[in-house]
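Results of the structural survey
Below, each chain spelled out in residue letters.
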Amino acid sequence: MTTSEAAAVGEPAVVVHYRLHADFAGPGWLRRIAGPRAGLELDAAGLRVRFGPWLVETPLSNLAGAEATGPYNALRAFGVRLSLADRGLTFGTTTAGGVCLRFREPVRGIDPWGLVRHPGLTVTVSEPDLVAEAINRIVAGS
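All figures in this text were calculated on a predicted structure; none of them were measured in a lab.

The next point concerns the overall build of the protein. Counting secondary structure elements, the protein contains three helices and nine strands. Each helix and strand of the protein, placed in order from N terminus to C terminus, yields the pattern α-β-α-β-β-β-β-β-β-β-β-α. Here the protein holds 142 residues, and the buried ones make up 42% of them. Of the contacts formed within the protein by residues at least 6 apart in sequence, a portion of 62% connects residues at least 24 apart.

This part takes up the sheet that holds strand E7 (residues 89–92). Spatial ordering of the open sheet is given by E5-E8-E9-E7-E6, a layout of five strands whose pairing is mixed. Single-partner strands in this sheet number two, and they are strand E5 (63–69) and strand E6 (79–82). Ignoring strand direction, the axes of neighbouring strands in this sheet form an average angle of 20°. Where E5 meets strand E8 (residues 98–108), six bridges bridge the pair, whose relative direction is antiparallel. When the bridges of E8 are listed, Ala66 appears paired with Leu101.

Moving on: the pattern of salt bridges. Per the counting criterion, the structure on display carries three salt bridges. Note that Glu41 and Arg48 form a salt bridge whose closest N and O atoms lie 3.7 Å from each other. Beyond isolated ion pairs, a larger network of salt bridges with shared partners links Glu41, Asp43 and Arg48.

A few words on the packing of aromatic side chains. Evaluated as defined, the whole model comprises two aromatic pairs. The interplanar angle of 15° and the centroid separation of 5.4 Å between the aromatic rings of Phe51 and Phe91 together place this pair among those described as stacked. Linking Phe51 in strand E3 (residues 46–51) with Phe91 in strand E7, this pair joins segments that are 40 residues apart in sequence. As far as the burial class goes, Phe51 and Phe91 line up, both buried. Ring-pair connections join several aromatic residues into one group, and the members of that group are Phe24, Phe51 and Phe91.

Turning to its location among the elements, Glu41 is positioned in strand E2 (residues 39–43). At 3.1 Å, the side chain of Glu41 and the side chain of His21 are in polar contact. Each residue touching Glu41, except ones within four places of it in the same chain, is listed here: Arg19, Leu20, His21, Gly46, Leu47 and Arg48.

Core analysis: the largest hydrophobic core is formed by 29 residues, its most contacted members being Leu40, Leu42, Phe91, Leu101, Leu121, Val123 and Val131. Put simply, the parts of the chain that give this core at least two residues each are strand E1 (20–22), E2, E3, E5, E7, E8, strand E9 (117–123) and helix H3 (128–141). Sorting elements by how many residues they give to this core places H3 first, with six residues. The residues touching Leu101, leaving out its near neighbours within four places in the chain, are Leu40, Leu47, Gly65, Ala66, Pro119, Gly120, Leu121, Val131 and Ile135.

Quick notes on the rules
Residues numbered from 1 in each chain as written. Predicted model: local features only at pLDDT ≥ 70, side-chain atom pairs only at ≥ 80, totals over all residues. Heavy atoms only, no water. Helix = DSSP H or I, 4+ residues; strand = E, 2+ residues; numbered from the N terminus. Buried < 20%, exposed > 50% of the residue type's maximum accessible area, 1.4 Å probe, protein only. Contact = heavy atoms within 4.5 Å. Pairing = 2+ DSSP bridges. Axes fitted to C-alpha atoms, helices over the stretch in contact; angles between N-to-C directions. Salt bridge = Lys/Arg side-chain N within 4 Å of Asp/Glu carboxyl O. Phe/Tyr/Trp six-rings, centres within 6.5 Å; stacked < 30°, edge-to-face > 60°. Polar contact = N/O pair within 3.5 Å; in protein donor to acceptor, adjacent residues only side chain to side chain. Core = buried A, V, L, I, M, F, W, Y, C linked by side-chain atoms within 4.5 Å.

In structure tokens, the structure reads:
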């Protein structure tokens, strides 16, 4: 959909002129477990975050904001975790910190059927400040 087509149907016109890829931070062995394609990708097609067999995808229009967070408690920092308090999802590889992404509409992620939807996703990428800045720039332009 072009920018003019998006405006015609009432969707926000967001243009991303670059592609951002952020690898997961942390020890190499844990990143290898997450898989060779693990990481966060942001481009004109939307946001994709892959961690092993888990994948979260959403269009740019569904991004509500992001912020760098951390450090995290070691008992809650590693692997795939579901928050029972708010259904937020975490893909974690380090206690040092990450980025918390917020969505306008909850997204599927932890189960393959999409029965559980997540209002937010925390990912421990190697450049959380850069990712948060890029996403917030997109949100401000929509």
